[in-house]
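Per-entry structural report
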Amino acid sequence: MKFTPTSLLVTGGAGFIGSNFIHSFIANNPESSVTNLDCLTYAGNLKNLTALEGNPRYCFVKGDIGDAPLVAQLLADKKIDAVVHFAAESHVDRSITGPEIFVRTNVLGTQVLLEESRKHWQSGAVADFRYLQISTDEVYGSLGDTGYFTEETPLAANSPYSASKAGADLLVRAYHETFGMPTLNTRCSNNYGPYHFPEKLIPLLIHNIINKKPLPVYGDGLNVRDWLHVRDHAMAIETVLKKAAPGSVYNIGGNNEWKNIDIVNLVCDLLDQRLGRADGENRTLITFVKDRLGHDRRYAIDASRLQADLGWSPAYTFEQGIAETIDWYLANQEWVSEVTSGSYREYYNQQYGGGVA
Ligand code: NAD
Ligand code: TYD
């Protein structure tokens, strides 16, 4: 199966993974253009995309995926032949304190995007079309000490975040089964890398260590996550978009399981060296705190289908990826301080002269 996307609608492209994907896709596909639809929630940061400003193959539109007329207009005006849907509320802890927006954005927003995509695809405005839903391994629930999630593992989401992502995945499946719409669905493990909002574990650790602040470790610190470099994720998405058969689902993972406490110790030690601190100094910042409610114990992905069918495997070793990530945060302290001060939110008005960002 070969598909050559020429005009992409990327949703949530001002977020962590979306912005990395746009950089990578624009660089790899000189004939293609990207329209980035993002409503700029707290997680949307146009500073992630400054290098693309003025690029004729890139266009930013501030708007909500739940705005059906806007989505319909973009699909038609830009002759979109591929939708890559990242936009979401993405932080588990926030979904515990405020689940409603997760359902609104992740479930209802996805439904609007699916429905407008269906109409656009059925109108015959473009010769070929794909809708790619970016999802997470968290839809499968939690594992014990052994075993892996495969694409056949039943959905058993445990947090409001993962439940909303699972709901969206089922709608995507329904649009393929019911209407024959050419959908694709990827489910990826935890990403790390540049432009990661510092509420998530790895950038939070780096930021707090630099500032000698406590490093909160939930529960006993023995929960396990599989970590994948965000640029490997971006390449996997591009591979699926171009090569996967419509209707297919692919797991994406790094084959790189870590207990949280081991990641915390590793990041502490790498930053001891880089910040010229004594061996073990940063580990004294570790603070065990109350566990997250419903904290999934272990995630582990079997991504062998993606490798066997489409030939993708991660390019980064974790050693290289985590070292580069730490160096990126050290070299981009301004990006981090603009995020933590909130000043990044003014950038849309400065740059685009629009309404309240
Ligand atoms: P993020 O929180 O960094 O970015 C989300 C983006 O979506 C932001 O730019 C935000 O402004 C935008 N957005 C939110 N609601 C919107 C709406 N209603 N309309 C338009 N834009 C909206 O998220 P991320 O970490 O980049 O994750 C991207 C996608 O990948 C999500 O769907 C997430 O579920 C999935 N995912 C993330 C990870 C991970 O480790 N971060 C792993 C697997 C899957
Ligand atoms: P997170 O980055 O929030 O990703 P997810 O919950 O989607 O896996 O958290 C990764 C792991 O780190 C998860 O097991 C929760 C844990 N964690 C902490 O121990 N302390 C923290 O401050 C955060 C944000 C997460």
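All of the points below concern the structure found in this document. What you see is a predicted model; the values in this text were computed from it and never measured.

Criteria and cut-off values
Residues numbered from 1 in each chain as written. Chains lettered and ligands numbered in written order. Predicted model: local features only at pLDDT ≥ 70, side-chain atom pairs only at ≥ 80, totals over all residues. Heavy atoms only, no water. Pairing = 2+ DSSP bridges. Helix = DSSP H or I, 4+ residues; strand = E, 2+ residues; numbered from the N terminus. Axes fitted to C-alpha atoms, helices over the stretch in contact; angles between N-to-C directions. Contact = heavy atoms within 4.5 Å. Near = heavy atom within 4 Å. Polar contact = N/O pair within 3.5 Å; in protein donor to acceptor, adjacent residues only side chain to side chain. Areas by Shrake-Rupley, 256 points an atom, 1.4 Å probe, with all protein chains shown as cover. Nonpolar A, V, L, I, M, F, W, Y, C, P; charged D, E, K, R; others polar.

1. Observations concerning the sheet that holds strand β7 (residues 190-192)
Pairing in this open sheet of three strands is mixed, and the strands run β7-β9-β11 from one edge to the other. The open sheet has two edge strands, β7 and β11 (257-259), and neither has a second partner. Averaged over all pairs of adjacent strands, the angle between their axes in this sheet comes to 50 degrees, without regard to strand direction. Of the strand pairs in this sheet, β7 and strand β9 (residues 224-229) are connected by three bridges, and their pairing is parallel. Bridge pairing links N191 to L228 in β9. Across the sheet, helix α8 (residues 260-274) is in contact with β9 and β11; its angle to β11 comes to roughly 85 degrees.

2. A few points about the site of ligand 1
As a structural note, the neighbourhood of ligand 1 is formed by 28 residues, with I17, D38, S90, Y161 and K165 the closest of them. One nitrogen or oxygen atom from the main chain of F86 is found 2.8 Å from an oxygen atom belonging to ligand 1. Within the side chain of Y161, one N or O atom sits 2.6 Å away from an oxygen atom of ligand 1. In the complex, 96% of the free accessible area of ligand 1, which totals 850 Å², lies under the protein chains. Breaking the shell around ligand 1 down by element, the ones donating at least two residues are α1 (16-28), β5 (130-136), α5 (160-179) and β7. Take the shell around ligand 1: its biggest share by element is three residues, from β5. The residue inventory of the shell around ligand 1, partitioned by class, reads 13 nonpolar, 12 polar and three charged.

None of the figures reported here should be taken as evidence of function without further support.
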